[in-house]
Amino acid sequence: MEPVQLSVGLQETAPLGDLQRSIGSSRRLPRCSTVSLQTELACPSLVVFSGGTAFNSVAGPLRKLTTHVAHVLPVSDDGGSTAEIVRVIGGPAVGDIRSRCLRLADDRDEEARAVKQLLAHRLPGGSSNEAKAEWYAIVEGRHALWGGVSEPYKHMIRAFLVHFQLQILSQVTREFNFKNGSIGNFFFAGARTFFRSLESAVFLFSRVARIPEGSTVLPAICTEEVITLGAELEDGTVIRGQNNISHPDVAAGPECAGEPCEEEAGGQLLRCCWRCCGLCARGVAARG
């Protein structure tokens, strides 16, 4: 696979607008070879609907079978550093998409491995001051993680990390907690807020991570709003939040029940045919 050219318009003084126009004009849809039936059977095209964790262990080995896979992932994750990003600057959750992109990322040369290591890095989870200090070292370009990254790549990735930092600073009433923060999530959020487009951010991240041609990562919902997942139990109780559904706190009990939950969610619950481990009567999603 030829290396992706990311040096155009990415000098330290170049505006991000040049990159935005470049990305908008170069987008291509994935295609699978149709030379013969034998070729199609050897390179099947697949669509995978999954969560951010369950299919990750399969996504890598699947590349040995075919790289023509469309991965459709949710944007409702409300746990970890994703939750902190959503709390402070809003927008859809990108953690599951970032995780899948890194699973598919190319790591066949030194620079590709260095970029993957940088975007997969998490800040310390102990002290807030320690996490913030390491974040500043990364965003300022002083951290050892930049060692194997070429200058064009470094300037481009740093540009979106800086933009993310500016978004945080603009939220004067909300202090951001960097503990256990994902650099990949920060880059993703910076790209999304700059382009004001989740799709453009996914496209950029895919190119930076050098995802194989033909592989596509798609959000289940294309939106700039916060998406909150909910589950309605058979007794009418509604549990709000993906993290509360997948990691329920039995002692604390359900988060809300009946109609009041809709008011807390900030919008009407959108019902869909979905069951949760046989426990839930149906799933619901809400715009927050």
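Everything here concerns the structure above.
Predicted, not measured: the structure shown is a model, and the values here were computed from it.

## Let's talk about the sheet that holds strand E1 (residues 46-49)
Now for step 1: The 3 strands lie next to each other as E1-E2-E3, forming an open sheet whose pairing is parallel. Strands with a single pairing partner mark the edges of an open sheet, and in this sheet they are E1 and strand E3 (216-219). Across this sheet, the average inter-strand angle for adjacent strands is 20°, counted without regard to direction.
Now for step 2: Inspection of the sheet shows E1 paired to strand E2 (residues 69-73) by 4 bridges, in the parallel sense. Of the residues in E2, the one forming a bridge with leucine 46 is valine 69.

## Structural notes on helix H9 (residues 183-195)
Along an α-helix, residues three or four apart share an orientation, since each turn contains 3.6 residues.
Now for step 1: When the terminal C-alpha atoms of H9 are compared, their 18 Å separation across 13 residues agrees well with the 18 Å that a helix rising 1.5 Å per residue should span.
Now for step 2: Of all the 13 residues making up H9, 13 are buried; the element is thus mostly covered by neighbouring parts of the structure.
Now for step 3: Directly after H9, the chain includes arginine 196, whose backbone phi takes a positive value near 55°.

## Considerations on the nonpolar core
Burial of nonpolar side chains together is a common tendency in soluble globular proteins.
Now for step 1: Core analysis: the largest hydrophobic core is formed by 55 residues, its most contacted members being Trp135, Ile157, Leu161, Phe164, Phe186, Phe187 and Val208.
Now for step 2: Sort the elements by how many residues they give to this core and H9 lands first, with 8 residues.

## With respect to the pattern of salt bridges
Now for step 1: In the structure shown here, the tally under the stated rule is 7 salt bridges.
Now for step 2: One salt bridge in this structure joins lysine 116 and aspartate 107, with 3.7 Å as the shortest N-O distance.
Now for step 3: Between glutamate 111 and arginine 210 there is a salt bridge, and its shortest N-O distance comes to 3.1 Å. Here arginine 210 lies in the loop between helix H10 (198-208) and E3 and glutamate 111 lies in helix H6 (residues 110-119), a separation of 99 residues in the sequence. Take glutamate 111 and arginine 210: they sit in the same class, and that class is buried.
Now for step 4: When salt bridges that share partners are traced, they join Asp109, Glu111 and Arg210 into one network.

## Regarding the packing of aromatic side chains
Now for step 1: As enumerated under the stated definition, the model contains 14 aromatic pairs in all.
Now for step 2: Taken together, a centroid distance of 6.0 Å and an interplanar angle of 85° make the contact between phenylalanine 178 and phenylalanine 186 edge-to-face. In this pair, the class of phenylalanine 178 matches that of phenylalanine 186, namely buried.
Now for step 3: Here the aromatic rings of phenylalanine 188 and phenylalanine 205 are separated by 5.1 Å at their centres, their planes lie at 20°, and the arrangement is stacked. With phenylalanine 188 in helix H9 and phenylalanine 205 in helix H10, the pair connects residues that are 17 residues apart, well separated along the chain.
Now for step 4: When its relative accessible area of 0% is taken as the criterion, phenylalanine 188 is described as buried.

How each quantity is defined
- Residues numbered from 1 in each chain as written.
- Predicted model: local features only at pLDDT ≥ 70, side-chain atom pairs only at ≥ 80, totals over all residues.
- Heavy atoms only, no water.
- Pairing = 2+ DSSP bridges.
- Helix = DSSP H or I, 4+ residues; strand = E, 2+ residues; numbered from the N terminus.
- Axes fitted to C-alpha atoms, helices over the stretch in contact; angles between N-to-C directions.
- Expected span 1.5 Å × (residues − 1).
- Buried < 20%, exposed > 50% of the residue type's maximum accessible area, 1.4 Å probe, protein only.
- Core = buried A, V, L, I, M, F, W, Y, C linked by side-chain atoms within 4.5 Å.
- Salt bridge = Lys/Arg side-chain N within 4 Å of Asp/Glu carboxyl O.
- Phe/Tyr/Trp six-rings, centres within 6.5 Å; stacked < 30°, edge-to-face > 60°.

Function cannot be inferred from these measures alone, as they are strictly geometric.
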